[in-house]
Amino acid sequence: GYDVFASKPATLGKTKDGIEVSAILIPEISVGVSQDGTAGNAKLFMAVWDKVIAGNRFRDFDFTLKVDPDAVLIPWRIRDHMR
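Here's a quick rundown of the structure. Everything numeric here is computed off the predicted structure, so don't read it as measured data.

### Remarks on the pattern of salt bridges
Moving on, step 1. Counted under the stated rule, the structure contains two salt bridges.
Moving on, step 2. Here Arg 57 ties to Asp 3 by a salt bridge, and the two come within 3.3 Å at their closest N and O atoms. Taken together, the residues span a long stretch of sequence, with Arg 57 in the loop between α1 (42-55) and α2 (75-82) and Asp 3 in the segment before β1 (5-6) at a distance of 54 residues.
Moving on, step 3. Among the ionic pairs, Asp 68 bridges to Lys 66, the shortest N-O distance being 2.2 Å.

### Side note on the layout of surface pockets
Sizing a probe to match a water molecule and rolling it over the atoms shows the empty space that remains.
Moving on, step 1. By volume, the largest pocket is sized at about 1,100 Å³.
Moving on, step 2. Among the elements of the structure, β1, α1 and α2 are those that each provide at least two residues to the lining of the largest pocket.
Moving on, step 3. Among the elements that line the lining of the largest pocket, the one with the most residues is α1, at five residues.

### Some words on α1
Moving on, step 1. Taking 1.5 Å per residue as the helical rise, α1 with its 14 residues ought to reach 20 Å, and the 20 Å between its terminal C-alpha atoms agrees with that figure.
Moving on, step 2. Along α1, the positions that sit buried rather than exposed are Ala 47, Val 48 and Val 52. Projection of α1 onto a plane perpendicular to its axis shows the buried side chains occupying an angular sector of 140°, all on one side. Of the residues in α1, the exposed ones pointing more than 90 degrees away from the buried face are Ala 42, Lys 43, Met 46, Asp 50 and Ala 54.
Moving on, step 3. Considering only its buried residues, α1 is in contact with β1.
Moving on, step 4. Once α1 ends, the next one or two residues include Asn 56, with phi positive near 65°.

### Here's the deal with the environment of Thr 11
Moving on, step 1. Looking at where Thr 11 falls in the secondary structure, it is placed in strand β2 (residues 11-14).
Moving on, step 2. Separated by eleven residues in sequence, Thr 11 and Ser 22 place their C-alpha atoms 4.3 Å apart.
Moving on, step 3. Contact partners of Thr 11, with chain neighbours within four places excluded, come to Glu 20, Val 21 and Ser 22.

About the cut-offs
- Residues numbered from 1 in each chain as written.
- Predicted model: local features only at pLDDT ≥ 70, side-chain atom pairs only at ≥ 80, totals over all residues.
- Heavy atoms only, no water.
- Salt bridge = Lys/Arg side-chain N within 4 Å of Asp/Glu carboxyl O.
- Helix = DSSP H or I, 4+ residues; strand = E, 2+ residues; numbered from the N terminus.
- 1 Å grid on protein atoms, 1.4 Å probe; cavity = no way out; pocket = protein on both sides within 12 Å on 5 of 7 lines; lining within 4 Å.
- Points joined across faces, edges and corners; volume = space filled by probe spheres on them.
- Expected span 1.5 Å × (residues − 1).
- Buried < 20%, exposed > 50% of the residue type's maximum accessible area, 1.4 Å probe, protein only.
- Arc of directions from axis to C-beta.
- Contact = heavy atoms within 4.5 Å.

Everything listed here is a matter of geometry and, on its own, says nothing about what the molecule does.
Have a look at this one:
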């Protein structure tokens, strides 16, 4: 399973079964720069995790991954590491 979160409504396509995939809305939160020069996005992470927990779907799976939009995710390699 998967969920996609966004601050604006977005349709991402359809599943192989023809079901429309839409983003789950979170508040728009500005991301600044922290004191150490990295992205100051803790509030954004907390907003997303609040939605993850409220949705309760994570309980149906063995693990949950947080993946950045520009990351490449290879599920079978992650599965091997989780064993």
